[in-house]
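One-letter residues, chain by chain:
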Amino acid sequence: MKCTMCGAGPSACEGCPIGSNFFVSQRLASLAPGQKATVRRLAAESAADLRKLLALGLLPGVELEVERRWPAMVLRLDCATVALDAALAGAVLVALAA
Amino acid sequence: MRLVLVGAPNVGKSALFGRLTGIYAVVSNYPGTSVEITHGRFTSHGRDVEVVDTPGMYGFLAVSEEERVARRAVLAGGARTIVHVVEAAHLERSLPLTLQLLTLGAPVVVACNLLDEARRELRAPDLALLSARLGVPVVGTVATTGEGIDELLEAALTADPPVDGWSLPEPFRSPAIRLAGGQEEGRTRLAAELALSGDESAEAELKPDPALWRLVAAERDERWSGAEGYAVAVATARRRMALALLDGVVPEADPASVGRTMLLDRLALSPWTGLPLVAVVLYVGFYKFVGGFGAQTAVDWLDRVVFTRWVAPLAAAVTGVIPWQAIRDLVNGPYGLINLGLRYAFAIVLPIVTAFFLVFALLEDSGYLPRLALLLDRALKKVGLSGRAVIPLVLGFGCNTMATLVTRTLETRRERVIATLLLALAIPCSAQLGVVLGILSAWPGAVVVWGLTLVVVFLAVGRLAAAFLPGEPPSFYLELPRLRAPKAANVLRKTGARVRWYFAEILPLFLLASVMLWAGELTGVLRWATGALTPLVRLIGLPAEAAPAFLYGFFRRDFGAAGLYDLAHRGLLSPAALTTAAVTITLFVPCIAQFLVMKKERGLRVAVGVLVVATMIAFAVGGLVGWLLRSLGGWA
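From a predicted model like this one, the values you see are computed outputs, not experimental measurements.

## Some points on the overall build of chain B
Next up, step 1: A count of helical and extended segments in chain B gives 28 helices and 7 strands.
Next up, step 2: What you see for chain B is a C-alpha radius of gyration of 28 Å, in line with the 26 Å of a compact globule of 636 residues.
Next up, step 3: With respect to the three principal axes, the spread of C-alpha positions in chain B is 80 × 55 × 50 Å.
Next up, step 4: Looking at chain B residue by residue over its 636 residues, the buried ones come to 50%.
Next up, step 5: For chain B, the share of sequence-separated contacts (at least 6 apart) that also reach a separation of at least 24 residues comes to 73%.

If you want it as structure tokens, here you go:
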């Protein structure tokens, strides 16, 4: 498996020059309310799902905060509030903010 | 000249349209209010101006049907000025689309709407700076108060085509885009970009040009490892450009303090407090106001005082001079134009529908419905729908015909078919709801049986439909608008517009129904049809007198319910029989208007299928409920 941004394997992730950190991210669906994170990568299963994520503004580099995760995920990003279900949130890979 | 209003959902395009043209397009606080294109014309400075209001779109890569409608309207050729309506406080979300619109070649004006909210949050953008950077006019507007409308119109009427400086950064100036560039209006270039992103209709547009298509296909796979890679990369690049443009335009604000969800928001979203809140809204808004005030107090007054005391004697006196009995019956007979057509429309249906639309407008404008969508998403997934279906389903409690039109905002055909079926079957419209609640209100147990039956049918039929209809399971994604205090003027205006729409739709049908019933009685067809229905009506345990109410139901759902109202007042039905009748008539066939909309939106096959399924289920469930009530020895 290779990083889609730089083409290298997991070992290159340490000090990634383009901030991709392909291999050191976790799924948005696993975050708890109050946690902040940056979107790293979209791993949608279908083109339609990907378009939904793009429509919500979930793009690599976007910072977000989880407000609630039940009955659906609610996120704050770009001063807007968006909601998505767990299946879609599972397709977003994020890196937790320090 | 033509102005095309485009922008993300719920930024106020319809409100601006209303300000510009003086025509009312329905305005709400939820994404997906407009599902169709609205046109308006007016004259300004001696020029004929046409304004086009489009459904909301997040970008050119369309997800839903209404986004495709909007995209077609933006791309439709000819001289036009594009007015990109954006939310002043959310520029970083809208500007990427502005950049894309700028490559089309048509003049672009940016309307920064909802400027008042941005000011309140101390995030009002520097419009002059943004305008200088983009090279196109940027006008601040507050559509609800009219601020900035004249400036917007002025700017739109005098706007020049943009200088083409907004092509993407180097990696995106690919051979395919370069080849497509320079062609008419940048439309082909946009098509190339969308085809690289995997958009099917853009691919179809490019395929007639084999050289270009080969280039797109090769580039997509070799350079971007597929359409999805390209789509994400190009969106990210545009966002970076937008953020760079906005540097210094939007005041730095502490993100923690901006647009925070309020306490009320948290109460509405948490299931622990949200579900009780739904119950309160249902009880106060619908049961008390629509069912109580609308369907009882107002109906009683209009029917017993206005019609019985004033209109009926007057009508009798006037028609008394007509020498022919048949014509007298047509005007003033029991099925006549006055007693059936006008009385049902004005005394029974009007107060109920008006009360419902008033409550619905308050819910819409507050922004509560998207919260309800989120709250009910998991439950709706069980019947093959997503939380988004809340909006057509709740609207269905007002008018199923209107709601069937709105199912267009649902994403897949499977969801649209399921929602259409459930609307036709298990969602009573406001007139039915009001009349049924009015009739059954004397027996709380009957209301509970009726309500539970509908819920069970809704869940069971939805479950079955979800199991048997092929297609992907639904997914839920929605931008939550802020909670806003509804403005009385908009609530009243919207209610007025909807009631007018509704009446234009039903009054001719009510009158037509009167004429047909009159002709049916005159020719004996009515007796025959009632006779044919009687065994079916008896089968579910109702007296033969209930048959005409079912016949009326074919004309309008509410018409049937209104017929039931008459029966109840004549004391012909026992509580158990009334409950059975209410259940059957609620589930029974959609009205003519709804059937026509189903046919238009879903096709004849689905429309007829729904009709057959609904009729069978209505009588089967009605019969079952009647039998259960009788054998349990309830209140029969």
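## Topic: the overall build of chain A
Next up, step 1: From N to C terminus, chain A includes 2 helices and 6 strands.
Next up, step 2: Moving toward the C terminus, one meets the helices and strands of chain A in the order β-β-α-β-β-β-α-β.
Next up, step 3: Every one of the 98 residues in chain A was classed for burial, and the buried ones make up 47%.
Next up, step 4: Contacts in chain A between residues far apart in sequence, at least 24 positions, make up 51% of those at least 6 positions apart.

## Digging into the interface of chain A and chain B
Next up, step 1: The interface is formed by 30 residues belonging to chain A together with 35 residues belonging to chain B.
Next up, step 2: Of all the elements in the fold, those that place two or more residues in the side of chain A that touches chain B are α1 (47–56), β3 (63–68), β5 (80–84) and α2 (86–89) of chain A.
Next up, step 3: No other element matches the 9 residues that α1 of chain A contributes to the side of chain A that touches chain B.
Next up, step 4: When β5 of chain A meets strand β7 (residues 477–480) of chain B, the two strands line up antiparallel, connected through 4 bridges. Pairing of T81 of chain A across the sheet is with L480 of chain B, part of β7 of chain B.

## Regarding the pairing of strand β3 (residues 47–53) of chain B
Residue and element names in this part refer to chain B.
Next up, step 1: Examined bridge by bridge, strand β1 (residues 2–6) and β3 share 4 bridges and lie parallel to one another. Bridge assignment links V4 to a residue of β3, and that residue is V52.
Next up, step 2: Taken together, the 7 bridges between strand β2 (residues 38–44) and β3 define a ladder with antiparallel strand orientation. What sits directly across from T38, in β3, is D53.

## Considerations on the sheet that holds strand β1 (residues 26–27) of chain A
Next up, step 1: One open sheet accounts for 7 strands, arranged β1(A)-β6(A)-β2(A)-β3(A)-β4(A)-β5(A)-β7(B); its pairing is antiparallel. Unpaired on one side and paired on the other, β1 of chain A together with β7 of chain B mark the two borders of the sheet.
Next up, step 2: In this structure, strand β2 (residues 36–42) of chain A lies alongside strand β6 (residues 92–96) of chain A, joined through 5 bridges in antiparallel fashion. The residue of β6 of chain A that forms the bridge with R41 of chain A is L93 of chain A.

## Quick notes on the domain arrangement of chain B
Residue and element names in this part refer to chain B.
Next up, step 1: Each assigned domain of chain B is listed with its residue range as follows: domain 1 (2–158), domain 2 (170–246) and domain 3 (271–475 + 488–631).
Next up, step 2: Each partner contributes to the interface: domain 1 provides 15 residues, whereas domain 2 provides 17 residues.
Next up, step 3: Elements represented by at least two residues in the side of domain 1 that touches domain 2 include exactly α3 (91–102) and α5 (127–134).
Next up, step 4: Considering each element in turn, the side of domain 1 that touches domain 2 owes the most residues, 6 residues, to α3.

## Remarks on the sheet that holds strand β6 (residues 138–140) of chain B
All names here are of chain B.
Next up, step 1: The sheet built from 6 strands is open, its strands ordered β2-β3-β1-β4-β5-β6 with mixed pairing. Looking at the sheet topology across the chains shown, the edges are occupied by β2 and β6. Ignoring strand direction, the axes of neighbouring strands in this sheet form an average angle of 25°.
Next up, step 2: Pairing of strand β5 (residues 108–113) with β6, which is carried by 3 bridges, proceeds in the parallel orientation. Across the sheet, the residue bridging to A111 is V139, located in β6.
Next up, step 3: On top of the sheet, helix α2 (residues 65–75) reaches β1, β3 and β4 (81–87); it is set at about 150° to β1, its chief contact.
Next up, step 4: Packed onto the sheet, α3 meets β4 and β5 and runs at close to 170° relative to β4.

## Describing unusual backbone geometry
Next up, step 1: Following W70 of chain A, the chain continues to P71 of chain A via a peptide bond in cis, the omega torsion being 5°.
Next up, step 2: Position of P71 of chain A among the secondary structure elements: in the loop between β3 and β4 (73–77).
Next up, step 3: Even without a glycine there, the phi angle at L114 of chain B is positive, about 60°.
Next up, step 4: Assignment of secondary structure puts L114 of chain B in the loop between β5 and α4 (115–120).
Next up, step 5: The buried category is assigned to L114 of chain B, around which 25 C-beta atoms lie within 10 Å.

## What to know about the packing of helix α26 (residues 575–587) of chain B against helix α28 (residues 604–631) of chain B
Residue and element names in this part refer to chain B.
Next up, step 1: Packing of α26 against α28 brings their axes to within 8 Å, and their N-to-C directions diverge by 165°. On the basis of the axis angle, α26 is roughly antiparallel to α28. Note on packing geometry: the crossing formed by α26 with α28 is right-handed. Between α26 and α28, the residues in contact are A576, T579, T580, V583, T584 and L587 and A614, I617, A618, F619, V621, G622, V625, G626, L629 and R630, respectively.
Next up, step 2: Here the residues of the contact of α26 with α28 sort into 10 nonpolar, 5 polar and 1 charged.

## Describing the packing of α1 of chain A against helix α11 (residues 227–246) of chain B
Packed helix pairs are specified by the crossing angle of their axes together with the interaxial distance, meaning the distance between the axes.
Next up, step 1: As a packed pair, α1 of chain A and α11 of chain B sit with axes 11 Å apart at the nearest point and diverge in direction by 5°. Viewed along their axes, α1 of chain A and α11 of chain B adopt a mutual orientation that is roughly parallel. Of the residues in α11 of chain B, those in contact with A47, L50 and L54 of chain A of α1 of chain A are A227, E228, A231 and A235 of chain B.
Next up, step 2: Looking at side-chain class alone, the contact of α1 of chain A with α11 of chain B contains 6 nonpolar, no polar and 1 charged residues.

## Description of the nonpolar core
Next up, step 1: V435 and L564 of chain B are the most contacted members of the largest nonpolar core, which totals 225 residues.
Next up, step 2: A total of 18 residues in this core trace back to one element, the largest contributor, which is helix α15 (residues 337–366) of chain B.

## Topic: α2 of chain B
Next up, step 1: Buried residues of α2 of chain B: E66, E67, A70, R71, A73 and V74 of chain B, and no others. Across the axial projection of α2 of chain B, the buried residues extend over an arc of 160°, all falling on one side.

## What to know about the environment of L517 of chain B
Residue and element names in this part refer to chain B.
Next up, step 1: With respect to the secondary-structure elements, L517 resides in helix α22 (residues 488–523).
Next up, step 2: You can call L517 buried: it has 23 C-beta atoms within 10 Å.
Next up, step 3: A sequence separation of 51 residues divides L517 from A466, and the C-alpha atoms of the two residues are 39 Å apart.
Next up, step 4: For L517, the residues in contact, after removing those within four places along its chain, are Y335, L340 and L526.

## Re the environment of A156 of chain B
Next up, step 1: Within the element layout of this structure, A156 of chain B appears in helix α6 (residues 149–158).
Next up, step 2: Measuring from C-alpha to C-alpha, the distance between A156 of chain B and L3 of chain B comes to 7.4 Å, with 153 residues separating the pair along the chain.

About the criteria used
- Residues numbered from 1 in each chain as written.
- Chains lettered and ligands numbered in written order.
- Predicted model: local features only at pLDDT ≥ 70, side-chain atom pairs only at ≥ 80, totals over all residues.
- Helix = DSSP H or I, 4+ residues; strand = E, 2+ residues; numbered from the N terminus.
- Rg over C-alpha atoms; globule rule 2.2 N^0.38 Å.
- Buried ≥ 20, exposed ≤ 12 C-beta atoms within 10 Å, placed from the backbone.
- Contact = placed C-beta atoms within 7 Å.
- Pairing = 2+ DSSP bridges.
- Domains from an automatic or database assignment.
- Axes fitted to C-alpha atoms, helices over the stretch in contact; angles between N-to-C directions.
- Parallel < 35°, antiparallel > 145°, perpendicular 65-115°, else oblique.
- Left-handed = near helix turned anticlockwise from the far one by under 90°.
- Nonpolar A, V, L, I, M, F, W, Y, C, P; charged D, E, K, R; others polar.
- Core = buried A, V, L, I, M, F, W, Y, C linked by C-beta atoms within 7 Å.
- Arc of directions from axis to C-beta.

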